[in-house]
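These are the residues of each chain, in order.
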Amino acid sequence: MGQKINPLGFRLGTTQRHHSFWFAQPKNYSAGLQEDEKIRNCIKNYVQKNRRISSGFEGIARIGIKKRIDLIQVIIYIGFPNLLIEGQTRGIEELQMNVQKEFHSVNRRLNIAITRVEKPYGQPNILAEYIALQLKNRVSFRKAMKKAIELAEQTDTKGIQVQIAGRIDGKEIARVEWIREGRVPLQTIRAKIDHCSYTIRTIYGVLGIKIWIFVDEE
């Protein structure tokens, strides 16, 4: 069987870039990595608490982090601005305070910016969240996968593959189900492929969703 490497790590330096951009000495590297994880978790928790209740949707495509000696710049790429805090400076300030409290950094400023993604359903994280929401509402998994693929096809992607693993539909035996539409050339390094893996907690156990989207070829 082919062993699946993460498509983002496989293409670093050619078609993909790091989501975190900073430099550290080897002995400080792990601390920097944990700090990034804390920042991302803090932002996600804040959004979950303060989102509109009806949507049940975070809508965060990804969180980019750039660090300098005196500044940490966080860029939140979101798909649906009305779900989050775009335009509400108070919301961004509150989020900034929350994150600042999380890690007690005295000599570094924190700057949070929000950028809107043009085609939200072309982002694997947002699609995975959409499928997770459907599965929690007891929609059939195949219907949810097909609907997600339809939404992705409207954003001019060249191919998409969706995989769900775990106790699907509450069956006793865990299994893996997947659907592919179009081309998804995982071995071609020139091909820009977006990937995400997402975990959902359902009443009958944990399900894992993986999505590969073939965006473009250079």
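Residues numbered from 1 in each chain as written. Predicted model: local features only at pLDDT ≥ 70, side-chain atom pairs only at ≥ 80, totals over all residues. Heavy atoms only, no water.

1. Remarks on the overall build of the protein chain
For step 1, the next point in the chain: Per the secondary structure count, the protein chain includes five helices and eight strands.
For step 2, the next point in the chain: Listing every helix and strand of the protein chain by position from the N terminus yields α-β-α-β-β-α-β-α-α-β-β-β-β.
For step 3, the next point in the chain: A globule of 218 residues ought to have a C-alpha radius of gyration of about 17 Å, and the protein chain, at 18 Å, matches this closely.
For step 4, the next point in the chain: Structurally, the protein chain occupies a C-alpha span of about 50 × 40 × 35 Å along its principal axes.
For step 5, the next point in the chain: When the 218 residues of the protein chain are sorted by exposure, 44% land in the buried category.
For step 6, the next point in the chain: In the protein chain, 63% of the contacts between residues at least 6 apart in sequence involve partners at least 24 apart. (Helix = DSSP H or I, 4+ residues; strand = E, 2+ residues; numbered from the N terminus. Rg over C-alpha atoms; globule rule 2.2 N^0.38 Å. Buried < 20%, exposed > 50% of the residue type's maximum accessible area, 1.4 Å probe, protein only. Contact = heavy atoms within 4.5 Å.)

2. Details of the domain arrangement of the protein chain
For step 1, the next point in the chain: With domains assigned, the protein chain is organised as domain 1 (9-116) and domain 2 (120-217).
For step 2, the next point in the chain: Placing the centre of domain 1 and that of domain 2 at their C-alpha centroids yields a distance of 24 Å.
For step 3, the next point in the chain: In this assembly, 15 residues from domain 1 lie in contact with 18 residues from domain 2.
For step 4, the next point in the chain: A buried area of about 1,300 Å², summed over both sides, lies between domain 1 and domain 2, and 55% of it is on carbon and sulfur atoms.
For step 5, the next point in the chain: For the pair domain 1 and domain 2, the interface holds zero salt bridges.
For step 6, the next point in the chain: Linking domain 1 with domain 2 are six residue pairs in polar contact (both at pLDDT 80 or more).
For step 7, the next point in the chain: Take the side of domain 1 that touches domain 2: its biggest share by element is three residues, from strand 2 (residues 60-67). (Domains from an automatic or database assignment. Buried area = accessible area lost by both parts, 1.4 Å probe. Salt bridge = Lys/Arg side-chain N within 4 Å of Asp/Glu carboxyl O. Polar contact = N/O pair within 3.5 Å; in protein donor to acceptor, adjacent residues only side chain to side chain.)

3. Describing the UniProt feature "domain: Small ribosomal subunit protein uS3 C-terminal" (unreviewed entry) in the protein chain
For step 1, the next point in the chain: In the numbering used here, UniProt assigns the feature "domain: Small ribosomal subunit protein uS3 C-terminal" (unreviewed entry) to residues 131-213.
For step 2, the next point in the chain: End C-alpha to end C-alpha, residues 131-213 measures 15 Å, and it is 23% helix and 45% strand. (UniProt positions renumbered as here; feature names shortened; annotations may be inferred.)

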